[in-house]
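# Reading the structure
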Amino acid sequence: MTSELADAPLEEIPTGVPLVQLKDVGKQYGHIIALHGINLKVGKGEVTCVLGDNGAGKSTLIKIVAGRHQHDEGQLLVDGQEVRLSSPREALNHGIATVYQDLAVVPLMPVWRNFFLGSEMVDGFWPFRKLSIDQMRTTAKDELHKMGIDLPDIDAPIGTLSGGQRQCVAIARAVFFGARVLILDEPTAALGVKQSGVVLRYISASAKSGLGVIFITHNPHHAYMVGNHFVLLNRGRMTLDCKYEDITLDQLTTEMAGGDELQTLTHELKR
Amino acid sequence: MKNTRTSSALVALAAVAVLGLAACSGSGGKQEEEKASGGNNAAVADTPRVKIAMITHEAPGDTFWDLIRKGAEAAAAKDNVELIYSNDPQAPKQASLIQTAIDSDVDAIATTLSNPDALGPVVQKAVEAGIPVVEFNAGVDSWEDTGALMYFGQDETVAGQAVGERLNEEGAKNAMCVIQEQGQVQLEARCAGVEETFSGKTQKLYVNGRDMPSVGSNIEAKLAQDKTIDRVVTLGAPFALAAVQSVEGAGSSAQVVTFDTNADLVAAIEAGDVQWAIDQQPYLQGYEAIDSLWLYLTNGNIIGGGEAVLTGPSFIDQENIDTVAEYAKRGTR
Amino acid sequence: MSESPVATETPLADERVTKTSPLQKLLLRPELGALVGAIGIYVFFFAVADPFRSLDAFSTIMYSSSTIGIMAVGVALLMIGGEFDLSAGVAVTTSALTASLFSYEFSTNVWVGIFVALAVALAIGFFNGYLVMKTKIPSFLITLGTFLMLQGANLAVTKLLTGQVASRNISDMDGFGLADAIFASDFSIAGTTFRISIVWWLVFVAIATWLLLRTKVGNWIYAVGGDAESARAVGVPVVKTKIGLFMGVGFLAWFAGMHLLFTFNSVQSGEGVGNEFIFIIAAVIGGCLLTGGYGTAIGAAIGAFIYGMTEKGIVYAGWNPDWVKFFLGVMLLLATVTNLWVRNRASRS
């Protein structure tokens, strides 16, 4: 294996210490406060759901944890240690992998090339170092098969796959490359009911296998099915932070829809 | 396609190679040129300094225009003239350059009349504004209509006809005229002149003058297509030199002749690779255009008596090459 | 997003049932359309033009294709990487002038000039790439700027140093013989003379193909052209890859420039203008997408061959020279349309 991430020993992390924790994190773009006072943590085998409407600050939150942007206030802790992630590569080195809404796949490239993109397997010596194509193709196929994804043609451009399949390839890729924390950005947003089910099953399976998952969504039903913690963002601030045991789906849905606002709206539109 | 490490390695490699090879060239190069060249310092006229604008349709990077400019600069240096040179191959832009000269109140204008329809009106405007205008190089048929005082140049058609006649004398049968810029009036006129007087077959070949390898391979292809071609007529010195290689490459026995000269071409004539060149003395055109204006401004002289002053055609071949060779090496023929 | 008919959601399905046939895979290759076009044009000229049939003619066509093709390799890779280089044509002239002027002016061995030219060519590539990546301005605009700058500098520096618009003849200087042998010599096969540039062209195509399909860097090139943001997100060094591609064009411009210089011994400073589009045309005919992320080096080579073949074929056919450009346009359009048609047929069946 070429990836050093896979070798990261899970055992060494003291139990009870969250894999990733945010303490009072804030972020400003110029005069606009995108995030303020965010507290969040995700531990091994847990799914933390971040809910919120468009513009609530979910993307900014992901970008900070994924190393695409840096936070201005508060602390970001990985395994209890404070860090500043300056690039996606650095986040990956800490075992934090992000599966974006656009999946970060290159549509015209074959599935197996996408699977290994940025972490290719090579052999030989420079300048004759070449890709281990057979090994990469077999590995990609096997890994996907393990996740229950069976592709007829591993050489097909990934753009020809269905949305759910691409989502799963992206998740499988992150898991294979030793992710300990998965950040999933609206993985079910563009999917139909059946396809969403497939993806939610993987999320649940990933968590059970010991990963920490940060699941970004605006669908409370999906969140409630897999989540252990729920954090609700509104205009860059946290408006809800509770555990699965402390909330019902109805409450979550109401909170998500803006509580009182929803009642007003229901009243208004009453027929 | 390489990472930074590879590229810096390349740079390092280049640096090492430079150090290793830093030994000077034993032959050729600037040193030898400097050893050979002498100075030519002439006295400067004591007439008041005047400002003359020279505007041409030079396409950037054509060796022919070097000679015109050198002639003009030599005259300017000698006559105490401030020479303002500008050029654009597109007629409307050349017209606006002339307008710029008028606006900046120059004492006189020397211009090529590459496109009489486009440039005529603006030249007339200059004349009306009291600026004396001399035309040169192009426009032999219509320079008088524009109100210009004098004209220095050669008639392209006449030059072409002279080439045709010489080819007749030599007993040539099939000539290929290589045009490096499709649709350029002067170049077309040269080939048309050749066709008029040449009793054999004349055919044209258009090439892209901005792409030398393609010029060479196109001439080669044409020579293979028509094996009876026995003369390649090029319309500029660099193209004659490319044609020499093509003739060799195609295994053809055709001879290369050309319009215009430069230093390498003179050497090629000496070596017998190019048979002869027909010369319109561009240096003389540039020189006379400025010098005649200076004479007009300081003494009211007019050269030519209302007729165009022809600077060509004259032939350069192995018989008279010795007299030209020396000047060609200096870059003035 | 399209729902693929062959894809299946059901785990553990037999993956062999809907496997793409090898023939269809072949038909889906980006360069296949160009190959069909090339064969078509070859057959056409073979039929109408006697002189076209000789081996000598083939050699001339290959030579002509190689002078375009060497640059088309670099330009194709750059296009696959999602960028353009409009300065590629004049950069060739810049390299040739640099080598020639440097060794002449300082009376050095020509190899000193050759390596200085290499450094300059790579620096131009780096400059282009760095500016494109740092400013985020489309490469079309950045390299249009460098194109004009180089065009002006070619002329101005040449004039400044030599007092004329062409570089001096360097054929009598030390080191010329070896350089001439490497960059511009001939060799014979079965009585036909071939130029060495043909060999170099094929070598560069082979290296580029290997690089694209068999190396990590090749994977990155497709990725940065296909979707630069996605590539960055999974850790592909986008900036380095793209700058490297621009420098690759610089390297090939240097090589093409050396060929130009040692073939003609002196260089006209106005040369090369307009060639940048021919390189792009060759790459596009060869199946490279203008939007990036798709194409092959072999395709670009076939594209260059189509261009060279058409340009020379018209001369071999002896058609009225006034119409040459017109015919050239028609042929290129036909080749491109054939390419598209073949690709559409292949992906539909």
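## Side note on the overall build of chain A
The number of helices and strands found in chain A is nine helices and 12 strands. The C-alpha atoms of chain A give 19 Å as radius of gyration, which agrees with the globular expectation for 271 residues (18 Å, within 12%). Counting only residues that meet the buried cut, chain A has 45% of its 271 residues in that class. Intrachain contacts of chain A at a sequence separation of at least 6 include 69% that bridge at least 24 residues.

## Quick notes on the overall build of chain C
Scanning chain C from N- to C-terminus turns up 14 helices and two strands. Compactness check: chain C gives a C-alpha radius of gyration of 22 Å against a globular reference of 20 Å for 349 residues, within 12% of the reference. Across its three principal directions, the C-alpha atoms of chain C cover 75 × 55 × 35 Å. Across the 349 residues that make up chain C, the buried fraction comes to 60%. Taking the intrachain contacts of chain C between residues at least 6 apart in sequence as the baseline, contacts between residues at least 24 apart amount to 78%.

## What about the sheet that holds strand S2 (residues 32-42) of chain A?
Residues and elements named next belong to chain A. With respect to topology, four strands assemble into an open sheet ordered S2-S1-S4-S5, the strand pairing being antiparallel. Because the sheet does not close on itself, it has two edges, and the strands there are S2 and strand S5 (81-82). Direction of pairing for strand S4 (residues 73-78) relative to S5: antiparallel, over a ladder of two bridges. Each bridged residue has a counterpart across the sheet, and for Leu77 the counterpart in S5 is Glu82.

## Quick look at the interface of chain B and chain C
With 49 residues of chain B in contact, the opposing surface of chain C contributes 58 residues. Going through the elements one at a time, helix H1 (4-21), helix H2 (29-36), helix H3 (63-79), strand S7 (201-206), helix H8 (212-225) and helix H9 (237-249) of chain B are the ones with two or more residues in the side of chain B that touches chain C. Residue contributions to the side of chain B that touches chain C peak at 10 residues, all from H8 of chain B.

## Some points on the packing of H8 of chain B against helix H13 (residues 297-317) of chain C
Between H8 of chain B and H13 of chain C, the least distance of the axes is 8 Å, while the angle of their chain directions is 30°. As summarised for this structure, H8 of chain B and H13 of chain C are arranged roughly parallel, according to the angle between their axes. When you trace H8 of chain B past H13 of chain C, the crossing you get is right-handed. On H13 of chain C, the residues that touch Ser217, Asn218, Ala221, Lys222, Ala224 and Gln225 of chain B of H8 of chain B are Lys312, Val315 and Tyr316 of chain C.

## Points about the sheet that holds strand S8 (residues 231-234) of chain B
Residues and elements named next belong to chain B. Across the sheet, which stays open at both edges, the six strands sit in the order S7-S6-S8-S9-S10-S12 with mixed pairing between neighbours. The two strands at the open ends of the sheet, each matched to only one other strand, are S7 and strand S12 (314-317). The average undirected angle you get between the axes of adjacent strands in this sheet is 20°. Of the strand pairs in this sheet, strand S6 (residues 174-179) and S8 are connected by four bridges, and their pairing is parallel. Looking at S8, one finds that Cys177 is bridged to Val233. In the packing of helix H6 (residues 156-170) onto the sheet, the strands contacted are S6, S8, strand S9 (255-259), strand S10 (274-279) and S12, and the crossing angle to S10 comes to about 150°. Sheet contacts for helix H7 (residues 185-197): S6, S7, S8 and S9; angle to S6, the most-contacted strand, approximately 175°.

## Some remarks on the environment of Phe64 of chain B
Note on placement: Phe64 of chain B falls in helix H3. Phe64 of chain B has contacts with Gly236, Asp260 and Pro282 of chain B, leaving out every residue within four places of it along the chain.

## So, the confidence of the model for chain A
Of all residues in chain A, 92% attain a pLDDT of 70 or more, and the chain-wide mean is 82. Note on residues 1-13 of chain A: pLDDT is under 50 here. Beyond four places in sequence and across chains, it has 18 contacts.

## Observations regarding unusual backbone geometry
Pro313 of chain B follows Gly312 of chain B through a cis peptide bond whose omega is 0°. With respect to the helices and strands, the residue Pro313 of chain B is situated in the loop between strand S11 (309-310) and S12. Notably, Gln281 of chain B is not glycine yet its phi reads approximately 50°, a positive angle. Secondary-structure assignment places Gln281 of chain B in the loop between S10 and helix H11 (282-299). One non-glycine residue, Lys136 of chain C, adopts positive backbone phi at about 65°. Relative to the helices and strands, Lys136 of chain C resides in the loop between helix H5 (110-135) and helix H6 (139-162). Residue classification places Lys136 of chain C among the exposed residues on the basis of 8 C-beta atoms within 10 Å.

## Looking at the pairing of strand S4 (residues 133-136) of chain B
Residue and element names in this part refer to chain B. Burial along S4 is two-sided: Val133 and Glu135 facing one way and Val134 and Phe136 facing the other are all buried. As paired strands, strand S3 (residues 108-112) and S4 are joined by four bridges and run parallel to one another. Note that in S4 the partner of Thr112 across the bridge is Phe136. Where the polypeptide runs from S3 across helix H5 (residues 116-128) and back to S4, its parallel neighbour, the crossover connection is right-handed. Taken together, the three bridges between S4 and strand S5 (residues 150-153) define a ladder with parallel strand orientation. When the bridges of S5 are listed, Glu135 appears paired with Tyr151.

## Some points on the pairing of strand S11 (residues 229-234) of chain A
Residue and element names in this part refer to chain A. Judged by how many residues are buried, S11 sits mostly within the fold: five of six residues are covered. Relative to S11, strand S3 (residues 47-52) runs parallel, the two sharing five bridges. If you follow Cys49 over to S11, its bridge partner there is Phe230. Linkage of S11 to strand S12 (residues 237-243), two consecutive antiparallel strands, is achieved through a turn of two residues, within which Arg235 is found at a positive phi near 50°.

## Let's talk about H3 of chain B
With 17 residues, H3 of chain B ought to run about 24 Å at 1.5 Å a step, and its terminal C-alpha atoms sit 25 Å apart, in line with that. Just downstream of H3 of chain B, Asn80 of chain B is the residue with a positive phi angle, here 60°.

## Considering helix H2 (residues 32-48) of chain C
The end-to-end C-alpha distance of H2 of chain C is 25 Å, a good match for the 24 Å that 17 residues give at a rise of 1.5 Å each. Buried residues of H2 of chain C: Gly33, Ala34, Leu35, Gly37, Ala38, Ile41 and Phe45 of chain C, and no others.

## Digging into the environment of Leu149 of chain B
Residue and element names in this part refer to chain B. Take Leu149: it is sitting in the loop between S4 and S5. Classification of Leu149 by C-beta neighbours within 10 Å gives buried; the count is 20. Sequence spacing of Leu149 and Ile321 is 172 residues, and the spatial spacing of their C-alpha atoms is 34 Å.

## Here's the deal with the packing of helix H12 (residues 275-285) of chain C against H13 of chain C
Residue and element names in this part refer to chain C. One way to put it is that H12 packs onto H13 with a least axis distance of 6 Å and a crossing angle of 115°. Considering only the axes of H12 and H13, their crossing is right-handed. Contacts from Ile278, Ile281, Ala282, Ala283, Val284 and Ile285 in H12 reach Ala300, Gly303, Ala304, Ile306 and Tyr307 in H13. Residue composition of the contact of H12 with H13, by class: 10 nonpolar, one polar and no charged.

## Notes on the environment of Gln94 of chain B
Residues and elements named next belong to chain B. Its location among the elements puts Gln94 in helix H4 (residues 91-103). On a C-alpha basis, the gap between Gln94 and Ser114 in space is 9.1 Å, while along the polypeptide they are 20 residues apart. Discounting chain neighbours no more than four positions away, the residues touching Gln94 are Ile55, His57, Asp88, Ser114 and Leu119.

## Examining the confidence of the model for chain C
All names here are of chain C. Overall, the prediction assigns chain C a mean pLDDT of 87, with 90% of residues at 70 or greater. Counting interchain partners and residues more than four positions distant, the pLDDT-below-50 stretch residues 1-18 has 28 contacts. Here the complex is predicted with pTM 0.80, and the ipTM for its interfaces comes to 0.79.

Definitions and limits used
- Residues numbered from 1 in each chain as written.
- Chains lettered and ligands numbered in written order.
- Predicted model: local features only at pLDDT ≥ 70, side-chain atom pairs only at ≥ 80, totals over all residues.
- Helix = DSSP H or I, 4+ residues; strand = E, 2+ residues; numbered from the N terminus.
- Rg over C-alpha atoms; globule rule 2.2 N^0.38 Å.
- Buried ≥ 20, exposed ≤ 12 C-beta atoms within 10 Å, placed from the backbone.
- Contact = placed C-beta atoms within 7 Å.
- Pairing = 2+ DSSP bridges.
- Axes fitted to C-alpha atoms, helices over the stretch in contact; angles between N-to-C directions.
- Parallel < 35°, antiparallel > 145°, perpendicular 65-115°, else oblique.
- Left-handed = near helix turned anticlockwise from the far one by under 90°.
- pLDDT = per-residue confidence, 0-100.
- Right-handed = clockwise from strand over helix to strand, strands pointing away.
- Expected span 1.5 Å × (residues − 1).
- Nonpolar A, V, L, I, M, F, W, Y, C, P; charged D, E, K, R; others polar.

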